[in-house]
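Secondary and tertiary structure notes
Residues per chain are reported as follows:
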Amino acid sequence: MRPSLRSALAVTAVVAVSACGQFTDPAAGGGSAFPSRNLEIMAPAAAGGGWDLTARAMQAALRDDKLYDKAIEVTNVVGAGGATGLAQLLSKGQGDAHQWMVTGLVMIGATERAKNGSDLTQATPIATLTAEAEAIVVRSDSKYQNIKQLVDDFKANPTSVKWGGGSAGGSDHLVVGVLAKAAGADVKKIQYVGYSGGGETKAGVLSGDVTAGVAGVSEFKANIEAGQMRLLAVTSPKGASDAPSLKEAGYDAELMNWRGVVAGPGLSDADRTAVVALVDKLHSSPKWQETLAKQGWTDFYKKDVEARNFIANETMRISQLVKELGLS
Amino acid sequence: MDLLNGFATVLLPLNLLFAAVGVTIGTLVGVLPGIGPALTIALLLPITFNFDDPIGAFIMFAGIYYGAMYGGSTTSILLNTPGESASVATAIEGHEMAKRGRARAALATAAIGSFVAGVISTLLLAFVAKPIGELAVKFQAADYFALAVLAMVSVTALLGTSLVRGLISLVLGLFLGLVGLDSVSGQLRFTFGAPVLTEGIGITIVIVGLFAIGEVLYAASRVRNGSDEIAPLEKAPLRTGYLSREDWRRSWRPWLRGAAIGFPFGALPAGGAEVPTFLSYTFEKRRAERAGRDDFGKGAIEGVAGPEAANNASFSGVLVPLLTLGLPTSATAAVMLAAFQIFNLQPGPQLFQTSSDLVWALIASLFVGNVLLLVLNLPLIQVWVKVLEVPRPVLYSGILVLATLGVYSLSGNVLQVFLAYGIGVLGYFMRRYGFPIAPVVLGVILGPMTETQLRRALVISDGSFTAIVTRPLTLVILVLAVVSLVLPYVRRGKKLAFADED
C-alpha cells in the first residue's frame, strides 16, 4: 500500500504545483529586447480577486488570440493591498519589459499607508484597462429619497450619517471622502464602518447598521432590483438609468475604480513602445472584448503617455485624500 | 417537485462525473496543509469559463468543498495536522483516537457524520432558506459582538486541563489576531515595519505553522526517545462496518446535534465553519462531563462526530445568505459568488425565481456530493490508515514538504513561509511545555471578530456602550453568555476550575 500513498501524494503535489503556476524561471533577468522570453504577469493579490481575474483574462487573451508566442504566466503576490507586489516589481523588475503587474486605484492608498518607499508612478505605466463606477445606496425604507437629502443631513450633522463600505482606505471609503470634500462637509468627521467586502456591506445596509452603503455598482444590483435597496447616486461621470451621477446631482466628485497594467521601472523607449503595442493588440482582441462583456467590466482604455498622466494625477489626488481622511 | 427536476439534471452522467472529479480533487487538496477549497475553486474558475452550462461547474465546486473538508479531517485525525481552521476541533479527539489504534472508527464517524449532517442541512436549505435568510440579516454589529462573546466564553472547554495554560494560549491567539491592518481605522498594528505583516497573520499560516510544522519539529525532537509510539490499529468490526455497535450508539446523537449547531451558524452573515465546530466540541464535552465520563482528551468518539457534522452542516448554512441575499460569508462562498457572476447569474432575492433550475440543481448536487463522498471515502479509510504505518522520518519530512509548498502557493511569498516556520517553532515549545494548541486558533478567529464588531457597534452608536445592552437581541445573547459561564459551576456545586490545576 505504501506505493499507492506515495503516488497519491505525488499527484497531489503535481496538482498543487501546476495549478498554482508560481514557479518562475530563475534565469529571468532584465535587459533583453522585448519580446524575447516568457512573459510574467503579476497579480498583486490572492487568486480569485479582481486583480487576479484581470491578470488571468490578459493571459487568456494573449494566448488564445496568439499575440505572444512564448509562455505567459500569472503569479500572485499577496500583501499590503498590493504594496508588497509593487515593491517586488520595483526591486526585481528594473528595466525588464517582461515583468508586468496588474494595478489599480486601491494600490495608491495601500502604498501611501504601507510607507515602504514605493510609489506606483515609479513603475512604467503601460495602460489602464477597465473601470467600475461605485454606487451609493440606502435601505428601501430609509427616509432618504435622493442623494441631496442624504448629503444635506450629512453636512448639517456629520455624525448622524453612518457610511458603510469596504475596508478603511479602500475605494468605497475614498468615495465618501471625495463626496464630503465636494459638498463642503467636514472630512474628519466622517463616520465610516469598514466591512471586509461588498457582501458584508450589503448585510450592514440591510440590517440597518449603517445609513448608507458604498460599493461597486454590480454589488448592489440584485438587491436594488428586488426592491430591498434604493440607489441614490453613482460615481461615474454619467448617471445610471435609475439614479444620477454625483456630478449631475451637483457635487464635483468623481471616482472610478480603475484597473490597469504597468511594467518594471526604467524601461527603454524601444521596449516601452513594443509593450504598449502588444497591449494595444490585446485590448482590441476578440477574446478580451468577450471577457469585458462576460465579466461586465467597463472599458477604460488609456495607453502610454495618456495612462502615465492619468496614473500620476490619480496618485496625487488619492494620496492627498488618504492623508485628509487621516489614514496614513 | 422543483427538487426532483434538480435531481434529473444532476444525475446526468456528465454531471455525475463532475461531482466525482470535484470530490476527488477536493479530498486531495484537503489533505494538503494550507491549500483549501476557496483557493482550489478560485484556480479552477478560469477553466469553467469554457463550460456551456454553469450547472456542471457548481456541481464540481460543491464536490470540491465537501471533499476538502473531509480530506482536512483525515489529516487532522491521523497526523494531528489540520489544514483548515474548520478541522482543528476534530484534531483534538480524533488524533487521540488514532494514537489508541482507533483511526478507522474516527475516520468512519467523520465520514458518516458528515454525510448525515450534510443531508439534513441540505434539506433545511431546500425548504427553509428564505425565512432563515431574512432572519439572519436582522443581526446587527452589536449582536455579532454578543455572539462572539458567547462563543468565546462557551468554548473554554477547549482550554484543556490547565486553565492557566489554556488562557495563556488563548491570549497568544488574541495577540496574533491583532497584527496587521486595522479594518476600522486603517492603521497598522504590531507590524514592526515589516510589509509581510501588514495584512495580518493569515489563519492558515497559523494553523499550518502550529500544527503541521510544530508537530513535525516535536516528533523530530523525540524520535530517539521513542516514547510517542502509536498503538497498533485495532481490528475493524467487520459486521457493523468500521464502527462497532457501541460507536454507533455514541455517534448518532452528536451527528444530529452537530447538524443543529452548524446550519444556523453557517447561515449568519458573519458565520463560517469554525465557531460551530468549536461549539459542538464544547457541547459534547460538557455532556460527557455531566454524565460523569472523563474520556474527553483521551479519544472520545463524540468529540469527532459532533464537530465533523457541524462542519458539513455549516456549508449548507453558508449557502443560505449566498443564494437568498447574495451575501458570501466564507472565502469559499465569495469565490462561488464570483462564479455566479461570471455565468451572469445574480445571487440575491430573485435568484430562486429567475434561475430556479440552477438553484434546485445546485441543491440536488449537494445531496449527490454527500453520497459520493461517503461512497468514495469509506473504502478509502483502509488506504488512509496505512499512512500510520509509514516510517516516521519519511512521513514527517513529507508533511514538512507539503506544508512548505502549501504556504508558498497560498501567498507566493517566501517570507510567509518563514513566518509559518517561526510559528512552527512556537508550536514546538508549546507542545514541549504542555500548552494546548487549539485555543490559539480560537483566539486568532474570535479576537478580530469580537473587536471589529464591537468597534463597528460603537461607531454606529456614536461611541456609547449602551448600544450593546439596549437591543433586546444583543442583551439576550449576552445573558446567555453569562449563563453558560456560570451555570456549570452552579448546577454541580463544583469547585472552580482553578482548583483543578494539575
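Residues numbered from 1 in each chain as written. Chains lettered and ligands numbered in written order. Predicted model: local features only at pLDDT ≥ 70, side-chain atom pairs only at ≥ 80, totals over all residues. Heavy atoms only, no water.

1. Some thoughts on the pattern of salt bridges
Residue and element names in this part refer to chain A. Inspection of every chain in the model, using the stated rule, returns 33 salt bridges over all chains. For Arg 56, the salt bridge identified is with Asp 52, shortest N-O distance 2.8 Å. Separated by four residues within a single helix, Arg 56 and Asp 52 lie in helix H2 (residues 50-64), roughly one turn from each other. The same class applies to Arg 56 as to Asp 52, namely buried. (Salt bridge = Lys/Arg side-chain N within 4 Å of Asp/Glu carboxyl O. Helix = DSSP H or I, 4+ residues; strand = E, 2+ residues; numbered from the N terminus. Buried < 20%, exposed > 50% of the residue type's maximum accessible area, 1.4 Å probe, protein only.)

2. Examining the packing of helix H6 (residues 103-136) of chain B against helix H10 (residues 245-267) of chain B
Residue and element names in this part refer to chain B. The geometry of H6 relative to H10 is characterised by a closest axis approach of 8 Å and an angle of 35° between their N-to-C directions. In this structure, the crossing between H6 and H10 has a hand that is right-handed. Of the residues in H10, those in contact with Ala 105, Thr 109, Ile 112, Gly 113, Val 116, Ala 117, Ile 120, Ser 121, Leu 124, Leu 125, Ile 132 and Ala 136 of H6 are Asp 247, Trp 248, Ser 251, Trp 255, Leu 256, Ala 259, Phe 263 and Ala 267. (Axes fitted to C-alpha atoms, helices over the stretch in contact; angles between N-to-C directions. Left-handed = near helix turned anticlockwise from the far one by under 90°. Contact = heavy atoms within 4.5 Å.)

3. Focus: the environment of A:Gln149
Relative to the helices and strands, A:Gln149 resides in helix H5 (residues 147-156). In sequence terms A:Gln149 and A:Phe310 are 161 residues apart; their C-alpha atoms lie 33 Å from each other.

4. A look at the nonpolar core
Nonpolar side chains in soluble globular proteins tend to end up buried together. Of all hydrophobic cores here, the largest spans 154 residues; its most connected members are B:Phe58, B:Phe61, B:Ile201, B:Phe278 and B:Phe340. Other than its neighbours up to four places away in sequence, B:Phe278 contacts B:Val88, B:Ala89, B:Val155, B:Leu158, B:Val441, B:Leu442 and B:Ile445. One finds A:Leu129, A:Ala183, A:Val276 and A:Leu325 within the second-largest nonpolar core, a separate group that totals 82 residues. (Core = buried A, V, L, I, M, F, W, Y, C linked by side-chain atoms within 4.5 Å.)

5. Here we look at the domain arrangement of chain A
How big an interface is tends to be reported as the loss of accessible area on association of its parts. Residues and elements named next belong to chain A. What the domain assignment lists for chain A is domain 1 (37-131 + 257-315) and domain 2 (132-234). Centre-to-centre separation of domain 1 and domain 2, based on C-alpha positions: 29 Å. The partner domain 2 presents seven residues to the five residues of domain 1 that form the contact. Buried surface at the junction of domain 1 and domain 2, both sides included, amounts to about 480 Å², of which 48% is carbon and sulfur. A per-residue breakdown of the area domain 1 buries against domain 2 is headed by Leu 105, Arg 113 and Asn 257, which together make up 64% of the total. (Domains from an automatic or database assignment. Buried area = accessible area lost by both parts, 1.4 Å probe.)

6. Some remarks on the confidence of the model for chain B
Residues and elements named next belong to chain B. Counting all residues, the mean pLDDT for chain B is 82, and 91% of those residues have values of 70 or more. For the stretch residues 494-502, pLDDT sits under 50, and the model shows 14 contacts to residues farther than four places along the chain or on other chains. Reported confidences for the modelled complex are a pTM of 0.78 and an ipTM of 0.74. (pLDDT = per-residue confidence, 0-100.)

7. A word on the confidence of the model for chain A
All names here are of chain A. Summary statistics for chain A give a mean pLDDT of 82 and a share of 88% for residues scoring 70 or more. When pLDDT is averaged over each element of chain A, strand E8 (residues 229-234) comes out on top at 93 and helix H1 (residues 2-20) at the bottom at 41. A low-confidence stretch, residues 1-31 (pLDDT under 50), is modelled with 46 contacts involving residues beyond four sequence positions or located in other chains.

8. Focus on the packing of aromatic side chains
Counted by the stated rule, this structure contains 14 aromatic pairs over all chains. Taking 6.1 Å as the distance between ring centres and 90° as the angle between the ring planes, the aromatic pair formed by B:Phe58 and B:Phe61 counts as edge-to-face. In this pair, B:Phe58 and B:Phe61 are both assigned in helix H4 (residues 54-79), three residues apart and thus about one turn of the helix distant. Cluster of aromatic residues (ring-pair linked, three or more members): A:Trp258, A:Phe300 and A:Phe310. The ring of B:Phe435 has B:Arg165 lying over it, and the distance from NZ or CZ to the ring centre is 5.5 Å. Of note, B:Arg432 hangs over the ring of B:Tyr433, and the distance from its end group to the ring centre comes to 5.0 Å. (Phe/Tyr/Trp six-rings, centres within 6.5 Å; stacked < 30°, edge-to-face > 60°. Lys NZ or Arg CZ within 6 Å of the ring centre and 35° of its normal.)

9. What to know about helix H8 (residues 217-225) of chain A
Those residues of H8(A) that sit buried are A:Phe220, A:Ala222, A:Asn223 and A:Ile224. Against strand E4 (124-139), helix H7 (198-207), strand E7 (212-216) and E8 of chain A together with helix H12 (302-325) of chain B lie the buried residues of H8(A). Looking at the residues trailing H8(A), positive phi occurs at A:Gly227, about 80°.

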